[in-house]
Amino acid sequence: MELTALTAAALAEKIQKKELTAKAAVQACLQQMRRLEPELNSFVTIDEKGALAQAEEVQQKIDAGELTGPLAGVPIALKDNLCTEGLRTTCSSRMLEQFTPGYTAEAVRRLQKAGMIILGKTNMDEFAMGSTTETSYFGATKNPWNLAHVPGGSSGGSCAAVAAEECFLALGSDTGGSIRQPSAFCGVTGIKPTYGTVSRYGLIAYGSSLDQIGPIARDVMDCALLLDVIAGWDAKDSTSIRQDGAGGMPPGGYGFAEALRAEEAAGMVKCLQGLRIGIPRDYFGQGLDPEVKTSVLAAAQTLACLGAEVEEFHLGLVDYAIPAYYVIACAEASSNLARFDGVKYGHRAAAYEGLHQMYKRTRSEGFGPEVKRRIMLGAFVLSSGYYDAYYLKALRTKALIKQEFDKAFARYDLLLGPTAPTTAPRLGESLADPIQMYLGDVYTVAVNLAGLPSMSLSCGIDPAGLPIGLQLIADCFGESRLLRAAYALEQTRTERRCPLAQTEQPGAEQTIFAPAGPSDAGSEPAERSE
Amino acid sequence: MSQQEKERNVQAVPPKHVISDDTIEYVGILAKLDLSEQEREQAKEDMGRMLDYIDKLNALNTKDVEPMTHIFPLENVFREDRITNGDGRQAALKNAPVQKNGSFQVPKTVDDDRAARVKVSGQ
C-alpha cells in the first residue's frame, strides 16, 4: 500500500515504531501535491521548506521520546483562514493576498504542540463565504472524485486535499456547513464541534456566533484523534467553554479517541444498543436527490441492525433556518469585515483622495462579489429602520429553532439525515443563482444556529462516481455519541479510496456499505470488468 | 452567456422588494464600498431577491420570543491587567501597506485649517 493511503493513526504508529519517518510522510504528501495540484488546486500556499524543517525537528523529539502522542509526526493541511505566524494567510481573498500573520491560531498551536507538521494552507471560498470553493481569488478547487465537479465549500480545499491524499488530516471551519458539506462532496469525514469547544483565537472571523474550527479526516478514528488535539478551553477566546465539569464537560479533557478504542476492544457487538436515533422527515422532502435519500436510509437501516432504535419524527421550522442564518451570518460578517480598511494590513488601493475614498476603493478592489453581496446585506439588516424587522426577527427565529432541537433531543440521542440535498454540482453551475446555492445549506445551517455538534460521514457513491454524505447531529457536548455511532457505521463499510489518489493500479473495490449494497456500476471489482 | 445565465434571465421575475438608488447608496456608505454602475444594479436586484426570500420569516410568530444572540450564557471574562504579550510592534508593522517612522501611515484625516484651529484652542 502507498504511504499516503495510511490513516493518520496508522502513520503515527509506524513513526513511533521507527518503521517510517516524519520526513518520509511529508515527502509522500509533497510528491502527491506535485502530481495533483496543477489540476486539483486544493492549496493556496504549500510550505515545502517549512514542512521538511518541522519534520526534522519533530523526528528528533520522537527519537528522544519527547513526543509520544497519537498524531506526532503526521502532516496536516490548514484552511487558509487560520492564522499561522510567518506563513501567508489569505482567506482566499485579494484583500489578504500578501498578509503574513504575526501570531498563530490557538488550534494550530495545539497541533504543533502535538508534533503535527503543517504542510500548507488550503483553498476556500473567499472569507468562507460560499458552498463551492469557486469564490476563491486563487481559482476554484476541483473535486478529486470527478474534476468537472466542485469539492463543496467553504472548506473545499481541505476536504479535497484529504480525499486526494495530499495530506493525512486537515482543519476546516464551519459557519453554516463549511466542514460538513465539502466533507460529504469529497467522501471524507468532518466534524463541526459544539460551539465553544475549539478556540476561535486566530481564526479570521466570518460569523463569530456561528464559526467553529473542526477536524477533517479519512476516517472516524482520525477525526476523533484530531478533535482531541484541538479541543479545549482557551483564555484567548471568551466564548470558549471551560472543561471543568460544568456544562457536561468531563474534567481533564475529552478522550474521544480513547472511548472509541475501548468500544473497539469490546468487540463493537450490538454497540449501539439503546441509542435512540431520530430521522427528521422534513430532511427527506422536496429537492432531495433520490440517490442521496436511498443511501442515507440504507445507513439508517444499518444503524438499526447495530442495535439503535431508529424512527422518523417531525422536526419543526426547517424552512426558516436558511433565511435566519443568512441574516445573522451576513450581519456579523459586515461587522467583522469592517476591519479590512487598508490601514494596518491587507490590500490598499493605489490611488485615492482622502481617507474615505481610500477605505472604499481598498474594499471594493479587495473583496470579490460574494463577499460584497453579504457585507451589503449585513449592513442593510443592521441599519436603523430595518434592525428589528430583520436582525432581531432572525435572532428570535434562532431561539425557536433551538427550542425545536431541544424537543428533539428530549426524545433522541442523535439525529440522522443527509448532509446536502445532492452530490457535488458541476463547476460553474452554482454561482449564477445565489439563492439556489444558499438552499443547498438546508440541512446544515440550523446546527450552527443551535450551536450543536454534527458530523458528516461518507455513505455511498452516486452513479457519476461522486460521494454521498450523511449527517449525524447530537445535542450540545454530545461529540462522543456522534463519534460512537459514526464509528460503528464505518465498521460496516468497505474502504474506498478516491481513484485520483491512487498511483498504483487499484485493486478490487466494493460498495461502501456491505449489507445494503445497491447496484453501483463503479463498484464492480476491477478484475471482472476486464 | 452561459446556460445558467440564460436560464436565469428567462426565469427572471423582478423581485418584490424594490431597492431604491438611495438605499443602495446608503448601504454603500455603511459598508464602505464603491460600486460601479453595473455592480450597483446587480446589488439592487440581489438584495431585493434575498429580502424576498428572508420575508419567509414573517410567517413565523415570534411575539414574546427573546432574541437569542448566543446559545450559552455569556459572562464577562476578566483577567488581571498585566501585560503578557511582548512588544509586537515590528511584527504588526510588517503587514502595513504604508508605514512611516514606525507608524501606520494614512491619508491626511484632518485638514490644515482645522488642525490649526485645534492647535490654537488647545493652547
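Residues numbered from 1 in each chain as written. Chains lettered and ligands numbered in written order. Predicted model: local features only at pLDDT ≥ 70, side-chain atom pairs only at ≥ 80, totals over all residues. Heavy atoms only, no water.

A. Quick look at the overall build of chain A. When helices and strands are tallied, chain A shows 17 helices and eleven strands. In terms of overall size, chain A behaves like a compact globule, its C-alpha atoms giving a radius of gyration of 22 Å where 530 residues would be expected to give roughly 24 Å. Seen through its C-alpha atoms, chain A measures out along the principal axes to roughly 70 × 55 × 55 Å. Sorting the 530 residues of chain A into buried and exposed places 65% on the buried side. The long-range share in chain A, meaning contacts at least 24 apart out of those at least 6 apart in sequence, stands at 74%. Entry remark: accessible area of chain A is about 17,800 Å², with carbon and sulfur atoms responsible for 49%. Computed over 49 positive and 61 negative side-chain charges, the separation of the two mean positions in chain A equals 5 Å. (Helix = DSSP H or I, 4+ residues; strand = E, 2+ residues; numbered from the N terminus. Rg over C-alpha atoms; globule rule 2.2 N^0.38 Å. Buried < 20%, exposed > 50% of the residue type's maximum accessible area, 1.4 Å probe, protein only. Contact = heavy atoms within 4.5 Å. Areas by Shrake-Rupley, 256 points an atom, 1.4 Å probe, with all protein chains shown as cover. Lys, Arg positive; Asp, Glu negative; His and termini not counted. Charge placed at Lys NZ, Arg CZ, Asp CG, Glu CD.)

B. Looking closely at the overall build of chain B. Across its full length, chain B holds five helices and two strands. Here chain B, with 123 residues, has 24% of them falling under the buried criterion. Across chain B, every contact between residues at least 6 apart in sequence was considered, and the portion connecting residues at least 24 apart equals 48%. For chain B, the computed accessible surface area is about 9,500 Å², with 49% contributed by carbon and sulfur atoms.

C. Quick peek at the packing of helix H4 (residues 106–113) of chain A against helix H7 (residues 220–230) of chain A. All names here are of chain A. The interhelical angle for the contact between H4 and H7, taken along N-to-C directions, is 110 degrees, at an axis separation of 8 Å. Relative to H7, the element H4 is oriented roughly perpendicular. Facing Ala107, Arg110 and Leu111 of H4, the residues of H7 in contact are Leu226, Val229 and Ile230. Across the contact of H4 with H7, the residue classes tally to five nonpolar, no polar and one charged. (Axes fitted to C-alpha atoms, helices over the stretch in contact; angles between N-to-C directions. Parallel < 35°, antiparallel > 145°, perpendicular 65-115°, else oblique. Nonpolar A, V, L, I, M, F, W, Y, C, P; charged D, E, K, R; others polar.)

D. Geometry of the interface of chain B and chain A. Every contact between the two is made by 51 residues of chain B and, on the other side, 67 residues of chain A. Taken over both partners, the interface formed by chain B and chain A buries close to 5,200 Å², and the fraction arising from carbon and sulfur atoms is 72%. Summed over the shared surface of chain B and chain A, the number is two salt bridges. Here Glu39(B) and Lys372(A) are joined by a salt bridge, their closest N and O atoms 2.8 Å apart. Examining the composition of the side of chain B that touches chain A, we find that nine residues originate from one element, helix H3 (residues 37–54) of chain B, more than from any other. Considering only residue class, the side of chain B that touches chain A consists of 30 nonpolar, twelve polar and nine charged. (Buried area = accessible area lost by both parts, 1.4 Å probe. Salt bridge = Lys/Arg side-chain N within 4 Å of Asp/Glu carboxyl O.)

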